[in-house]
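What follows is the residue order along each chain.
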Amino acid sequence: MTVLVEHFTSDSRIEEKKMKDERDDEVLWDGGLVVSKSKEADGFDAPDINFLGHSFRDYENGASERQKGVEEFYRMQHIHQTYDFVKEMRKEYGKLNKMDMSIWECCELLNNVVDDSDPDLDEPQIQHLLQTAEAIRTDYPKEDWLHLTALIHDLGKVLLLPEFGGLPQWAVVGDTFPVGCAFDSANIHHKYFKENPDNSNPKYNTKNGVYSEGCGLDNVLMSWGHDDYMYLVAKENGTTLPHAGLFIIRYHSFYPLHKAGTYTHLMSEEDREDLKWLLVFNKYDLYSKSKVQVDVEQVKPYYISLINKYFPAKLKW
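Quick notes on the rules
Residues numbered from 1 in each chain as written. Predicted model: local features only at pLDDT ≥ 70, side-chain atom pairs only at ≥ 80, totals over all residues. Heavy atoms only, no water. pLDDT = per-residue confidence, 0-100. Contact = heavy atoms within 4.5 Å. Helix = DSSP H or I, 4+ residues; strand = E, 2+ residues; numbered from the N terminus. UniProt positions renumbered as here; feature names shortened; annotations may be inferred. Salt bridge = Lys/Arg side-chain N within 4 Å of Asp/Glu carboxyl O. Buried < 20%, exposed > 50% of the residue type's maximum accessible area, 1.4 Å probe, protein only. Arc of directions from axis to C-beta. Polar contact = N/O pair within 3.5 Å; in protein donor to acceptor, adjacent residues only side chain to side chain.

### A short note on the confidence of the model for the chain
Step number 1: For the chain, the average pLDDT comes to 83, and 75% of its residues sit at 70 or higher.
Step number 2: Here residues 1-45 is a poorly scored stretch, pLDDT under 50, and it has 90 contacts once near neighbours within four places are set aside; other chains count.
Step number 3: Per-residue pLDDT stays below 50 along residues 49-57; that stretch engages in 32 contacts with residues further than four places along the chain or on separate chains.

### Let's talk about the environment of Leu96
Step number 1: Relative to the helices and strands, Leu96 resides in the loop between helix H2 (83-93) and strand S3 (100-101).
Step number 2: Note: C-alpha distance between Leu96 and Tyr229 (133 residues apart in sequence) is 9.5 Å.
Step number 3: Apart from the residues within four sequence positions on either side, Leu96 is in contact with Tyr229, Leu232, Val233, Glu236, Asn237, Lys316 and Trp317.

### So, the UniProt feature "binding site: substrate" (unreviewed entry) in the chain
Step number 1: Feature annotation in UniProt assigns "binding site: substrate" (unreviewed entry) to the following positions: Arg57, Asp115, Asp116, Ser117, Lys157, Gly174, Asp175, His252 and Ser253.
Step number 2: Summarising the element assignment, Asp175 is placed in the loop between helix H5 (144-152) and helix H6 (226-236).

### A look at the pattern of salt bridges
Should the charged atoms of two oppositely charged side chains come close, the side chains can pair.
Step number 1: Applying the stated criterion to the full structure yields 13 salt bridges.
Step number 2: A salt bridge links Glu92 to Lys95; the nearest nitrogen and oxygen atoms lie 3.3 Å apart.
Step number 3: As a salt-bridge pair, Lys157 and Asp154 come within 3.3 Å of each other at their nearest N and O atoms. The same class applies to Lys157 and to Asp154, which are both buried.
Step number 4: Because the salt bridges share partners, they merge into one network encompassing Arg90, Asp228 and Arg250.

### Re H2
Step number 1: If you check which residues of H2 are buried, you get Tyr83, Phe85, Val86, Met89 and Tyr93. Along H2, the residues classed as buried sweep out an arc of 160° about the axis, all on the same side. The exposed set on the far side of H2, more than 90 degrees from its buried face, consists of Asp84 and Lys91.

### Considerations on the side chain of Arg250
Step number 1: Here Arg250 shows up in helix H7 (residues 243-251).
Step number 2: In terms of polar contacts, Arg250 uses its side chain to reach the side chain of Asp228, at 2.9 Å.
Step number 3: Separated by 2.6 Å, the side chains of Arg250 and Tyr251 make a polar contact.
Step number 4: Apart from the residues lying within four places of it in its own chain, the contact partners of Arg250 are Arg90, Leu217, Asp218, Val220, Leu221, Met222, Asp227, Asp228 and Tyr231.

### Focus on the UniProt feature "binding site: Fe cation" (unreviewed entry) in the chain
Step number 1: Taken from the UniProt record, the annotation "binding site: Fe cation" (unreviewed entry) applies to His128, His153, Asp154, His226, His252 and Asp285.
Step number 2: Within the secondary structure layout, His252 lies in the loop between H7 and helix H8 (255-258).
Step number 3: Overall, His252 belongs to the buried group, its relative accessible area being 1%.
Step number 4: Leave out the neighbours within four places in its chain, and His252 touches His153, Asp154, His226, Asp227, His258, Leu278, Phe281, Asn282 and Asp285.
Step number 5: Here His226 takes part through its side chain, which lies 3.1 Å from a polar atom of the side chain of His252.
Step number 6: Relative to the helices and strands, Asp285 resides in helix H9 (residues 269-287).
Step number 7: By relative accessible area, which is 5% here, Asp285 ends up buried.
Step number 8: Excluding residues within four positions of it along the chain, Asp285 makes contact with His128, Thr132, His153, His252 and Tyr255.
Step number 9: Among the polar contacts made by the side chain of Asp285, one reaches the side chain of His128 at a distance of 2.8 Å.

Next up, the structure:
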């Protein structure tokens, strides 16, 4: 398979930068996390444009009909994702009473899903999962938990299907953000939050809102969607994936955090450690999207072996 990524340099762990001449290429987030300004600084030379001919995560290209649809998606999401809505969804879908099936069966079911919020992809989701997983597998061959995390990170998008309630796109996909506190301006199309009821509620519209500084993201409600749903499915079905794997699943769409460095005041020390792996994962999740398809049958045996290692045969969804 050919994917549009370059190799990380790794000895199966995340290596911190030690060369003095790289310091000029670092930026300090408000939460004290140091990250690279450029993709090249950590050895990752990603493409500048996606296969559609636009910049990755370009939400301002009004000439594209797809871009217009993406903006309308975010308008709906920002209006309707409230604290009370998220609590209601977690209560309903936390019952895990929609279906019993294996991880691989869910991967195949995802063939029926296309994410309308993604300006970089119009392929069935199964290809995105395998492209991401195979790219990581090439560069991190010993981290099998990370390969599997990549394979399953978007499985929660089955929420779009009738069998799972057929939720609207704005309740399943797109960037995620905390609810119960102020909507940071780093959120894509932030202007549409003005119509969200929580935006004018003094209980929810301050920096901390209902939370306390350093409370930890485990204690923060995120906008409802496939990330949080798959996190609940994995956790409640007793996965043996490491905590960093669950962190990636739940926060991989939390772009205001891992791209803009906002909301770090809510993080715990454990969150900061797990974020290092999420920053690794995110580059593959974003830049491995391609029209070059993976041979599913060829790689299936490997991923079945990982599923059997980290999950029960059947899961409740």
